[in-house]
Amino acid sequence: MVNEKPSKKRLHQKMRQIRVFVVVVLVSAIAWLLFHPRPHSVTIKQSNYAIHKLQDFHQSQSYPLQQTINPNLYQPVGRWVGRLILPNQQQIQPTSDWVWMEVQQAPPEAQNLVGKTVRLEWQKPMLQSYVPAVQRNISFTDGAKQSQAQGIIHPYRLDGRLQVGPLQSLAGARPNDDVIVTLDDAQLVADSNQPSLQIAHEPMMTSGRFYGLVKILHPEPTSSQYPAPATCPGTPPCPSDFFVVRHYNPASGDFDGVAETIRIPQQVVDTRNIPPSTPRQIEKSPAGKAGWYIYGAKNTQGMFIVQAIVPRSLLQLQPQYVVLGEQAGLTYIKSENWQIKPQDKGTIRTVLLDPRPSPTPVTTSTWQEGDRAIVLHNFGGIGGKKSEGSTAYTITGHFAFGLAQVVHDPITKELQFAIEYQQIYANNPDGIISGRHSWAEYMGNLQRGWAATRPISDVLMKFPPVTQDYDFDGIKLSPVTEFQRQLQVMMARYRTGDGTGSATVSPATSCVQDASQALYTAIQIITEQVAANPAIQQWLSQHPDDPQTLRFQQLVSLTASLKRQLTPLGIVRADWQSNADYLMGIGDEQAPFRDGTLWAGLTSWRTMVPRQAQDELASLFLRHGAKLWFLRTNQIGGDNPDIAPVAPTLGLGLITIPFTNIAPIPTLLNRLLASLVMPNLRDWLIVGVIVLIYSAIALPIGLRSGFLSWSFTPSKPLYQLAIILRTLIFPALTEEIAFRVLPLPHPLEVINWYGWTLWAGLIVLLFLLYHPLNAKTFYKEGFPTFFHPIFLTLTGLLGLSCTIAYGLTGSLWAIALIHWIVVLVWLLALGGRQKLSIGIR
């Protein structure tokens, strides 16, 4: 009995130790499970490119190099056509840039090269200027490797190579050597050992080797000779993807030529859960009423296999609608271009905008062979049962620049547009490469083109001050050529991720932001060339009335407007400026290529969303006198009932007011951001003049009536500082945002100044009524002062003054300063504190 208590005590201690041990073990086990590194399986996703590459009609070996083609039915897609082949690392020196090209089509004098492999290289001037600007050592980042595992195509064959140039990055952009290009300026250099082709411009990617113009009549009945595809959109059974077509007859100008059976392959479903195109019911497509250009080649059985289609009606110089006048044109750009109704699916709409309000009918006679136009490209989204969804309530779409030229079609002998895109394109699962693309390759390609699945808007802008070259007594300037050069540099740097192997997308670094960077750089270089050349300045001063001088003055005016558009806050992005300096030979190669920070995105916010960039650039060019041709398609080709075209939106544009299509958030956000522009010298002068005029009117009225009285009552400096800071925020900034910035369209966006003025007048009236209402509710110190007739008179005058200032400057800082000065002087020097019962401290 004596030893019982110690025994129990030891037992309790032991039990406590056991419990502690169990807890430690459990905690250790949990920690080990959570933090111990353990092997885990990595799921590697298959790319869309890989999925489609399994089909025989997407493989190069399915199309013999030697082909017999009827020249009356088909034309080659270019003088030189070839497949790029990446040399191995041992074959190429780090200081050079060349690739192999398998010749698939050659001009008559070089037909012996068809089927052979030649060396494709740059002409000497390009080796000295362009190539060094974009050559990079390639070292894949972890992010690039992780992205590749998710099914995104990266140029993995280039990883570890030194000084990779633009031709290598083009040939190595996909896992396989399957990039087909045309060369528009190749010079053949004969060599007994190895002939070569030298070029001065980046090759243009294309589809197929030959093209023809046909009317699609009907599909062949399914049979063993013409089997139905395994899958297709819509209800089963799948119809045949072999079609009877009739070729265009140049002699009659109609589709009464040779009949032929061709194949328009049904594409397979990929990771998007839809095929990228379908030929189903293509013979009924309204887009094909004027015929289809078909691009492709013959397979080993001698049948023409279509790889891309282009609707003839889209390229003809015959607009369906003409819009006259600047105001009507601006309304079309803002409100009508992207209107899509359910019945619009599968259709084409072409509209010509002319800023001249001419009462006479407008013809296309001003568009002549050789005319060039800048292209603004924008595509929308995929809706319907198999919708792709949206990102942050926004259908972002995609933006790109391009170039269109009026040419004679060798088949129909008619004038039409030849369109190429300068695609600044991020890495993607489809194998779309950043670079030059023909319409057939980028839009009409059956495997990766967008025309079948997305609505498209291409704006062709003809503006001679930009699209025509200048010759100042032998000193030549070409805005278009310089712009193309900068786009070419940006496209090449995108292909390598500037050495990282990955070109990613963010609000500050994207297709639209970096295409705009190329535009800004081109503007900077042209401006510097003119400013630094006294001979050009002398020529302009000696020929003030010369048409070229007048055209150049229009270019100067446009350049100033473009700079304001691209730098809306009055601040040039550091990466834009450093790249411009580097390309002008005055900067550092190590400067950042792309700044992905939020601040960088805000300083170029007008080019953050593709839809906004296209709308605002088109509006800007129209205001300066450009003629615009809108080419709109809505999922053209065969019919896929599972999808529907969806227009791109501004940021958060899918959040609308119930039962309307009005999206208030992007409207208000754009107005606020636009108002943050820093005032320039002209704006500050406007502020000064308006303050003087207001003072000249308000002081006599206020002093004569006794409402104002000079009163310099001393108070503590900190108290005065508090009043200064408080009045800056409220009422100056707060009321100007509420009564000017948010309710009024920014001056850069105004379509109708008459309507703007009426609306502004109503806002001034609301601004006036707000003050007595505020005195009765939230700011009771304002009673009865805010009801005084003289106070209301001076308040209305202040509202009018700030409204005029906003219309002239578009700057929140300018109008807030006017508001702040008036209120501050009233409080500190004209008896305002006494009127509002604000104590003296």
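Criteria and thresholds
- Residues numbered from 1 in each chain as written.
- Predicted model: local features only at pLDDT ≥ 70, side-chain atom pairs only at ≥ 80, totals over all residues.
- Heavy atoms only, no water.
- Disulfide = S-S within 2.5 Å.
- Buried < 20%, exposed > 50% of the residue type's maximum accessible area, 1.4 Å probe, protein only.
- UniProt positions renumbered as here; feature names shortened; annotations may be inferred.
- Helix = DSSP H or I, 4+ residues; strand = E, 2+ residues; numbered from the N terminus.
- Pairing = 2+ DSSP bridges.
- Patch = residues over 30% accessible without salt bridge, like charges linked within 9 Å, V, L, I, M, F, W, Y side chains within 5 Å.
- Areas by Shrake-Rupley, 256 points an atom, 1.4 Å probe, with all protein chains shown as cover.
- Salt bridge = Lys/Arg side-chain N within 4 Å of Asp/Glu carboxyl O.
- Arc of directions from axis to C-beta.
- Contact = heavy atoms within 4.5 Å.
- Polar contact = N/O pair within 3.5 Å; in protein donor to acceptor, adjacent residues only side chain to side chain.
- Axes fitted to C-alpha atoms, helices over the stretch in contact; angles between N-to-C directions.
- Parallel < 35°, antiparallel > 145°, perpendicular 65-115°, else oblique.
- Left-handed = near helix turned anticlockwise from the far one by under 90°.
- Phe/Tyr/Trp six-rings, centres within 6.5 Å; stacked < 30°, edge-to-face > 60°.
- Lys NZ or Arg CZ within 6 Å of the ring centre and 35° of its normal.

Identification of the chain as CPBP family intramembrane metalloprotease from Anabaena azotica FACHB-119 is taken from an unreviewed UniProt entry.

**What about the state of the cysteines?**
For the coordinates displayed, the defined rule picks out one disulfide. Across the disulfide from C232 sits C238; the S-S distance is 2.2 Å. Its S-S torsion of approximately -105° makes the covalent link between C232 and C238 left-handed. Like C238, C232 is buried.

**Regarding the UniProt feature "domain: CAAX prenyl protease 2/Lysostaphin resistance protein A-like" (unreviewed entry) in the chain**
Mapped onto this numbering, the UniProt entry gives "domain: CAAX prenyl protease 2/Lysostaphin resistance protein A-like" (unreviewed entry) at residues 720-823. Along residues 720-823, the helical share is 76% and the strand share 0%, with 13 Å between the first and last C-alpha atoms.

**A few points about the UniProt feature "transmembrane region" (unreviewed entry) in the chain**
UniProt marks residues 18-35, 684-705, 753-773, 785-806 and 812-831 with the feature "transmembrane region" (unreviewed entry), using the numbering shown here. Structurally, residues 812-831 is divided into 90% helix and 0% strand, and its ends, taken at the C-alpha atoms, are 27 Å apart.

**A few points about the pairing of strand β19 (residues 415-423)**
Where burial is concerned, most of β19 is hidden: seven out of the nine residues are buried. By the bridge criterion, eight bridges tie strand β18 (residues 398-408) to β19 in an arrangement that is antiparallel. Within β19, the position partnered with A404 by the bridge is I419. Where β18 hands over to β19, the hairpin turn is made up of six residues, of which K413 adopts a positive phi near 65°. Pairing of β19 with strand β20 (residues 435-438) involves four bridges; the strand directions are antiparallel. The partner of Q423 across the bridge, within β20, is G435.

**Structural notes on a nonpolar patch on the surface**
On the surface, Y393, L654, I655, I665 and L669 cluster together into a nonpolar patch covering about 420 Å² of accessible area. Here L654 lies in the loop between β25 (644-646) and α18 (664-675). Assessed through its relative accessible area of 37%, L654 is described here as partly exposed.

**Topic: helix α13 (residues 534-542)**
Along α13, the positions that sit buried rather than exposed are I536, W539 and L540. Viewed end-on, α13 has its buried residues packed into an arc of 95°, placing them on one side of the element. Within α13, the exposed residues directed more than 90 degrees away from the buried face are P534 and S541. Contacts made by the buried residues of α13 are with β22 (470-472), β23 (475-477), α12 (511-531) and α14 (547-566). Of the residues flanking the start of α13, the one acting as N-cap is N533, its side-chain oxygen 3.0 Å from the backbone nitrogen of A535.

**What to know about the packing of helix α20 (residues 717-741) against helix α22 (residues 789-809)**
For the pair α20 and α22, the least separation of the axes is 11 Å and the interaxial angle reads 70°. It follows that α20 is roughly perpendicular to α22 by the angle criterion. Relative to α22, the crossing made by α20 is right-handed. Here E736, R740 and V741 of α20 come into contact with α22, specifically with G799, C802, T803 and Y806.

**Comments concerning the side chain of E616**
By the secondary structure assignment, E616 is in helix α17 (residues 610-623). What makes E616 buried here is its relative accessible area of 13%. When neighbours within four sequence positions are excluded, E616 is seen to be in contact with Q565 and R606.

**Structural notes on the pattern of salt bridges**
This structure, assessed with the given rule, holds 31 salt bridges. With its nearest N and O atoms 3.4 Å apart, the salt bridge here joins D241 to R263. Of the two residues, D241 is situated in the loop between β9 (210-219) and β10 (242-247) and R263 in strand β11 (residues 259-263); the sequence distance between them amounts to 22 residues. Measuring nitrogen to oxygen at the nearest pair gives 3.2 Å for the salt bridge that ties R372 to D469. Taken together, the residues R372 in strand β16 (residues 372-379) and D469 in the loop between α10 (464-467) and β22 connect sequence positions 97 residues apart. Residues joined in a network through salt bridges with shared partners are K53, R174, D178, E441 and R448.

**Observations concerning the packing of aromatic side chains**
Tallying each qualifying case throughout the model produces 31 aromatic pairs. Pairing F739 with F767 gives two aromatic rings, centres 5.3 Å apart and planes at 70°, and the pair type is edge-to-face. Within this pair, whereas F739 is found in helix α20, its partner F767 is found in helix α21 (residues 753-776), the two being separated by 28 residues in sequence. For the pair F739 and F767, one class covers both residues: buried. Above the plane of the ring of W367 lies K462, whose end atom (NZ or CZ) is 5.1 Å from the centre. Just above the ring of Y470 sits the side chain of R551; from NZ or CZ to the centre is 4.5 Å.

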